[in-house]
Structure formats: structure tokens, C-alpha cells
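# Tertiary structure, described
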Amino acid sequence: MNIIVKGDVDGSIEALSDSLIKLSTPEIQVNVIHKAVGQISEGDVMLAAASNAIIIGFQVRPSMGARKLAEKEEIDI
């Protein structure tokens, strides 16, 4: 399972990423392919579409363009 993590501060992102990776099991491998501070952007949605990932936002929201693109590309945020 590929995941993109976006958050409001760097410390939150690191803690969340580490926790998600620890959820891996032999059947399901969790991969954090990108993590960054800031609003969920159209670039994040395009990366998710290209890598078959989901986007997890912690205390951030997607931009209007990212929200529309995510609906079009059927990406979960």
C-alpha cells in the first residue's frame, strides 16, 4: 500500500509516517512514498495517481484544484 503523507508541521509528519510503517504486516506492506509539510496540492494527487497511492492529510486540506483532480482520478484523500 503506497501512501503520501502531508501535514501541518514536520514533527507530526515524521510521527505519523513512522506509525503507518509499523502497521505493515506480511500480507500488506505500507510504503510512505512522499511526505511533506503544507496543503495537499495537485502535484500530490498526480503522484498518487501515478503510484497508485492514497493521500493522508494531518491538519491540512486539499486545494480546490487538488480536490477536483482527486475526484477525476479517483484518488482517496
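Now for a quick tour of the structure. (Residues numbered from 1 in each chain as written. Predicted model: local features only at pLDDT ≥ 70, side-chain atom pairs only at ≥ 80, totals over all residues. Heavy atoms only, no water.)

## Overview of the pattern of salt bridges
It is possible for side chains of opposite charge to pair when their charged atoms get near one another. Short version of the rule: When a carboxyl oxygen of Asp or Glu lies within 4 Å of a side-chain nitrogen of Lys or Arg, that pair is called a salt bridge. To qualify as a helix, a DSSP run of H or I must reach at least 4 residues; to qualify as a strand, a run of E must reach at least 2; elements of each kind are numbered from the N terminus. Exposure is judged per residue with a 1.4 Å probe applied to protein chains only, and the accessible area is read against the type maximum: over 50% gives exposed, under 20% gives buried, and values in between give partly exposed.
Taken as a whole, this structure holds 2 salt bridges when the rule is applied. A salt bridge links K6 to D44; its shortest N-O distance comes to 2.8 Å. Of this pair, K6 sits in strand β1 (residues 2-7) while D44 is found in helix α2 (residues 42-51), placing the two residues 38 residues apart along the sequence. D44 shares its class with K6; the two are buried. One salt bridge connects E14 with K35, and the closest N-O pair in it is separated by 3.2 Å. One end of the pair, E14, is in helix α1 (residues 10-22); the other, K35, is in strand β2 (residues 31-37), with 21 residues separating them in the sequence. What makes E14 partly exposed here is its relative accessible area of 31%.

## A short note on the pairing of β1
The two faces of the sheet receive side chains in turn, since in a regular strand these alternate between them. Rules: Pairing between two strands is assigned when DSSP locates at least 2 bridges connecting them.
Counting buried residues along β1, 5 of its 6 residues qualify, which places the element largely inside the surrounding structure. Here β1 runs beside β2; their pairing, made up of 6 bridges, is parallel. Bridge pairing in β2 links I4 to H34. Pairing geometry for β1 and strand β3 (residues 53-58), over 6 bridges, is parallel. Opposite G7, over in β3, you have F58 as the bridge partner.

## Here's the deal with the nonpolar core
Threshold: Among the buried residues, those of types Ala, Val, Leu, Ile, Met, Phe, Trp, Tyr and Cys that are joined through side-chain atoms within 4.5 Å form a nonpolar core. Any two residues having at least one pair of non-hydrogen atoms within 4.5 Å are treated as being in contact.
Residues I4, I40, V45, A48, A53, I55, V60, A66, L69, A70 and I75 constitute the largest nonpolar core, which totals 11 residues. For this core, the elements supplying multiple residues, two or more each, are α2, β3 and α3 (64-73). The element contributing the most residues to this core is α3, with 3 residues. Those residues within four positions of I4 in sequence are excluded, and the remaining contacts are I33, H34, D44, L47, A48, A53, I54, I55 and I56. With 5 residues, the next largest nonpolar core counts I3, V5, I13 and L20 among its residues.

All quantities given are derived from atomic positions and should not be read as evidence of function.
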